[in-house]
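These are the residues of each chain, in order.
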Amino acid sequence: MLESSSGLVPLQAYLLLAAMLFCIGVWGLINSRNAVRVLMSIELMLNAVNINLMAFSSYIDGDLIRGQVFAVFVITVAAAEAAVGLAILLSLYRNRVTVDMERFNLLRW
Amino acid sequence: MPEMGVFLLATQAMAAPGELLNLALNAGAIAPEGAVLVAMLATLLVDLAGEQAAARWVPPICYAGLGTALVLLAQQWNAPLEPSFLGAFLADNLAIAFRAVVALSTLLSLLISWRYAEQSGAPIGEYAAILLAATLGAMLLCGSTDLVSVFVSLETLSVASYLLAGYMKRDARSSEAALKYLLVGSAAAAVFLYGASLLYGLSGTTSLQAIGIALLTSPTPLAALSLVFVLATVAFKIAAVPFHQWTPDVYEGSPTPVVAFLSVGSKAAGFALALRLLVGCFGAFDTQWKLLFTVLAVLSMTLGNVVALAQTSMKRMLAYSSIGQAGFVMIGLVCGTEDGFAAMVLYMAAYLFMNLGAFACIILFSIRTGSDRISDYAGLYQKDPLITLGLSLCLLSLGGIPPMLGFFGKIYLFFAGWADHQYLLVVVGLVTSVVSIYYYISVIKMMVVKEPKEASDVVKSYPSIQWSTIGMPPLRIALVGCVVVTAVGGILSNPLFQWANSAVAGTPLLQEAIALGSQRSIG
Amino acid sequence: MTIATSTELICFLVLGAVVVLGSLGVVLLGNIVYSAFLLGGVFMAVAGLYLLLNASFVAAAQVLVYVGAVNVLILFAIMLVNKREDLKPIEGLPIRRLLSGGVCAGLFVLFFRVVITTPWAVPGPAAIGVGATERIGEHLFTDYLLPFELASVLLLMAMIGAIVLARRDVLEVDVGTGDAVNQGLIEKARTPLLVDKSTP
């Protein structure tokens, strides 16, 4: 275990990594045609949020680490959301036999 | 404000959670939610005994739970204010008012959904349990004062809503609505979380109150960015244009009773969240968020009411009309005066009755005929005077025709806006109200004016009216109740006014914002 | 520069590269199965970052929940709905992708600028180190008790709902009247929903 977390790697490095991951997630969200991949992109965005929270918790919040608790909640909710998402996807796939977002067009935008 | 001082002390004392174990949680504040939770668990247990037992026992359990919750809420009214759960929840009058709206909307949605669920073969026990879980999340969202509890209760409401939207699992539309809602909703939640994480990083705390103070002392560009992120999520929840795209699809595809809940309960929780976050937390960016909300309100009123003109499906029309109605409520939010907030609360309460009344009529019509096309309503007054009368009164009230309840709600909102010099908003509101009256009236005209021989095929083969089937009496009670309140409530609206005013008066958060705003306008 | 700090820097760079490249692979690769496995790699690398930040509990939770549950769930879903689908080409897709890429790059530049210019309150108080797990437990039972309890309701409801939606059977008779159920109850009579015209 490394002793000092506020050592060489600055806080900004973590934040930029999270920002990049978030932007990649947003891109995937907009452009994926497979519904499962859209779910994956959302998971990427949530992971970006978690990196943010953990970095702040370690660099700014001292021994209170509220960010870590927040991250635990995010992980919990993300798991529930993924389970529900895949259940809905299965029930839709049974009706339509496709996962292509472009063909989920019974309801027009 | 003395309560605020105590609250701040509690927040600062949170520095050492280990020492706080002896502090009172003040858990009585969430007793109403406890009643809802007990009802939800009882529903699940009863459901184990089979569908027959569930159909018999689940409704009374739900009524008992929600009724208890409403009574407990009434007892909390004007009670001395203490933050509970160490600053995670605050049962001020604003929270109580919105929680009551949410609980009442669930109660009415349940009353109108039994027949619908049974006839479509959906398991009732799980349906009621998920709807109660959504209620629980929405009620807690109304009073949450901490980013973490805001997030978890928001997600409880959202995940339950996704499940309910997809509850007709043999219907591709329902699944598709659920999938769209889930993907858009989860993305909105991720965006909200990103904003929340930035707020946490800026202030080093998750309490909304403390974040508000930290932002006042150092408003940075990053804070403005997180404001945009958080605001986008709030706008998604209340379906404000341009974050409304999910609304028509989800409303058209989901089971109709679920739409009734989403359009009132979920929206009320969204407005409570907007008040907590924007007024309580982003006081430093007052002008900015008010400007953004002015734009959202103008767009919502215009687009919602204009696009509703072109709809052929009743549910879709009500979806667009609900976008427009949300725009009206936003006028009160932008004002930020005592009257503005009170008008918001009043209009949400009025909207509860008139919108659910309209949905009760639509559900009854679709149970009898299996249709929701507007043209199929032609000539209905010959066959079913009750639906015709109820739907007409509710739609007139939604359009703001005197002397209905909706008229007084709307006029109060416009007066508040005018007094606060929001001329643009009020003018747009008046013009779009006229537009909305046009499409509401055209539905009424379709039902009333058509000659018997012009009636639609659906109406010509209308089944004989029966109220004895299981699940029909509750539907009738809800329908008649909503219509009566909508029609008579306008004349007897004085208690409602007082209620809305005391909701604002009993909320330190809003009082502070009002005082700040009036100082600014004097200085 | 001590060994500890340079190790930290190298670890961060390697894990960061894995996260960025892996997530690019997740959104760009053509085969969804590769994407799912790469997603697992990204989750593991993020857990590694948490270890760098002295958060062993959250790192363990990340591995258990994300890699062990979410990722496996996604793989199951892919296998269950795994029909080779030839997606119809859409006109202007490359342009759409480039445009949205530009928007996302702009978003990143905005983040970059704002993150660099914001005066962060670093260095903050000393980090807690190994006592973090205990502290998380204290938080969960004091000031985050309400969300903690609500999360249990959320999980219960998600579990029940997912089972109801994903299982195949539905009720065949109306419980109230005993008639056959009418799943096409609402507005389905005229538009045959399950027949998709684009299906061959």
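All chains use their own residue numbering, which begins from 1 and follows the written sequence. Starting at A for chains and at 1 for ligands, labels are handed out in the order in which the entities are written. pLDDT decides what is reported in this predicted model: residues at 70 or higher carry local features, side-chain atom pairs at 80 or more are listed and counted, and totals for whole chains, interfaces and linings draw on all residues regardless. The side-chain quantities take in all heavy atoms of the structure and omit both hydrogens and water.

Asker: Give me the lowdown on the pattern of salt bridges, citing residues and values where you can.
Answerer: Pairing between side chains becomes possible if they bear opposite charge and their charged atoms approach one another. The salt bridge definition used is simple: a Lys or Arg side-chain nitrogen within 4 Å of an Asp or Glu carboxyl oxygen. Going through the model one piece at a time under the given rule, you end up with 13 salt bridges over all chains. For the salt bridge of A:Asp63 with C:Arg135, the shortest nitrogen-to-oxygen distance reads 3.8 Å. Of this pair, A:Asp63 sits in the loop between α2 (35-59) and α3 (66-96) while C:Arg135 is found in helix α5 (residues 132-140), placing the two residues in two different chains. Under the relative-accessibility criterion, A:Asp63 is labelled partly exposed at 37%. One salt-bridge network, in which partners are shared between bridges, spans B:Arg173, B:Glu176, B:Lys180, B:Asp249, B:Glu252 and B:Arg316. Numbering of helices and strands starts at the N terminus; helices are DSSP runs of H or I of at least 4 residues and strands are runs of E of at least 2. For every residue, the accessible area obtained with a 1.4 Å probe (protein chains only) is divided by the maximum for its type, and the residue is called buried under 20%, exposed over 50%, and partly exposed between those limits.

Asker: Please give an account of the packing of helix α2 (residues 32-52) of chain C against helix α3 (residues 56-80) of chain C that cites residues and values.
Answerer: Residues and elements named next belong to chain C. For helices, the fitted axis covers only the stretch in contact; all axes are lines through C-alpha atoms, and the angles between them, taken along N-to-C directions, range from 0 to 180 degrees. For the pair α2 and α3, interaxial distance at closest approach is 8 Å and the crossing angle is 175 degrees. With respect to each other, α2 and α3 are oriented roughly antiparallel. Residues Ile32, Val33, Ala36, Phe37, Leu39, Gly40, Phe43, Met44, Val46, Ala47, Tyr50 and Leu51 of α2 form the contact with α3, whose own contacting residues are Ser56, Val58, Ala59, Gln62, Val63, Tyr66, Val67, Asn71, Ile74, Leu75 and Ile78. Each residue gets one label: Ala, Val, Leu, Ile, Met, Phe, Trp, Tyr, Cys and Pro are nonpolar, Asp, Glu, Lys and Arg are charged, and the others, such as Gly, are polar. When its residues are assigned to classes, the contact of α2 with α3 shows 19 nonpolar, four polar and no charged. We call two directions roughly parallel when the angle between them is under 35 degrees, roughly antiparallel when it is over 145, roughly perpendicular when it lies between 65 and 115, and oblique otherwise. In what follows, a contact means two residues having at least one pair of non-hydrogen atoms within 4.5 Å.

Asker: Which residues make up the UniProt feature "transmembrane region" (unreviewed entry) in chain A, and what are the values?
Answerer: Residues and elements named next belong to chain A. Per the UniProt record, "transmembrane region" (unreviewed entry) is found at residues 12-30, 42-60 and 72-93. In residues 42-60, the share of helix is 95% and the share of strand is 0%. The end C-alpha atoms are 27 Å apart. Secondary structure content for residues 72-93 is 100% helix and 0% strand, and the end C-alpha separation is 31 Å. UniProt positions are given in the numbering used here, feature names are shortened, and annotations may be inferred rather than shown by experiment.

Asker: Describe the layout of surface pockets, with residues and values.
Answerer: Residue and element names in this part refer to chain B. By volume, the second largest pocket is sized at about 920 Å³. Taken together, 41 residues form the lining of the second largest pocket, with Val279, Asp286, Glu512, Ala513 and Leu516 sitting closest to its centre. Residue assignment for the lining of the second largest pocket shows that the elements contributing at least two residues are α1 (2-13), α8 (208-217), α11 (256-281), α12 (286-308), α13 (314-335), α14 (338-369) and α22 (508-522). The dominant element in the lining of the second largest pocket, judged by the number of residues it contributes, is α22, at 10 residues. Of the residues assigned to the lining of the second largest pocket, the class counts are 20 nonpolar, 13 polar and eight charged. Here the term cavity refers to a set of points on a 1 Å grid, laid over the protein atoms alone, in which a 1.4 Å probe fits but cannot get out; the term pocket refers to an open set having protein on both sides within 12 Å along at least five of seven lines, with lining residues being those that place an atom within 4 Å of a point. Grid points are joined across faces, edges and corners, and a volume is the space filled by probe spheres set on the points.

Asker: Just give me the short version of the nonpolar core, but keep the residues and values in it.
Answerer: The tendency in soluble globular proteins is for nonpolar side chains to be buried as a group. One finds A:Tyr14, B:Phe98, B:Phe282 and B:Phe293 to be the most contacted residues of the largest nonpolar core, which totals 302 residues. Broken down by element, the residue count for this core peaks at 22 residues, all from α14(B). If we skip the residues at most four places from it in the chain, A:Tyr14 touches A:Val9, A:Ile51, A:Ala55, A:Tyr59, C:Phe12, C:Leu49, C:Leu52 and C:Leu53. We call a set of buried residues a nonpolar core when its members are Ala, Val, Leu, Ile, Met, Phe, Trp, Tyr or Cys and they connect through side-chain atoms within 4.5 Å of each other.

Asker: With reference to specific residues and values, describe the interface of chain C and chain A.
Answerer: Each partner contributes residues to the interface: chain C has 90 residues there, and chain A has 79 residues. Mapped by element, the contributors of at least two residues to the side of chain C that touches chain A are α1 (3-28), α2, α3, α4 (93-117), α5 and α6 (145-166) of chain C. Its residues assigned to classes, the side of chain C that touches chain A shows 67 nonpolar, 13 polar and 10 charged.

Asker: Give a detailed account of unusual backbone geometry, specifying residues and quantitative values.
Answerer: All names here are of chain B. In this structure, the amide linkage connecting Val241 to the following residue, Pro242, adopts the cis form with an omega of 5 degrees. Residue position: Pro242 is located in the loop between α9 (221-237) and α10 (246-253). Looking along the chain, the bond that leaves Pro402 and enters Pro403 is cis, with omega of 5 degrees. Examined against the element boundaries, Pro403 turns out to sit in the loop between α16 (385-399) and α17 (405-419). Located in the positive-phi region is Asn26, a residue other than glycine, with phi close to 60 degrees. Inspection of the secondary structure assignment puts Asn26 in the loop between α1 and α2 (31-47). At Leu86, a residue that is not glycine, the phi angle is positive and equals roughly 55 degrees. Here Leu86 lies in the loop between α3 (51-76) and α4 (93-119).

Asker: So what's going on with the interface of chain B and chain A? Residues and values would help.
Answerer: Accessible area lost upon the coming together of the parts serves often as the stated size of an interface. Counting residues at the interface gives 44 residues for chain B, matched by 42 residues for chain A. For the pair chain B and chain A, the summed buried surface comes to about 3,800 Å²; carbon and sulfur atoms form 75% of the total. Computed with a 1.4 Å rolling probe, the buried area is the accessible surface lost when two parts are put together, summed over both parts. Of all residues in chain B, the largest losses of buried area upon contact with chain A belong to B:Glu176, B:Tyr194 and B:Tyr200, amounting jointly to 18% of the total for that side. Polar contact is defined as a pair of N or O atoms within 3.5 Å, subject to the rule that within protein one atom must be able to donate a hydrogen and the other to accept it, and that residues adjacent in sequence are counted only when both atoms are side-chain atoms. Counting across the interface, chain B meets chain A through seven residue pairs in polar contact (both at pLDDT 80 or more). Examining the composition of the side of chain B that touches chain A, we find that 21 residues originate from one element, helix α7 (residues 172-203) of chain B, more than from any other. Taken together, the residues of the side of chain B that touches chain A sort by class into 25 nonpolar, nine polar and 10 charged.

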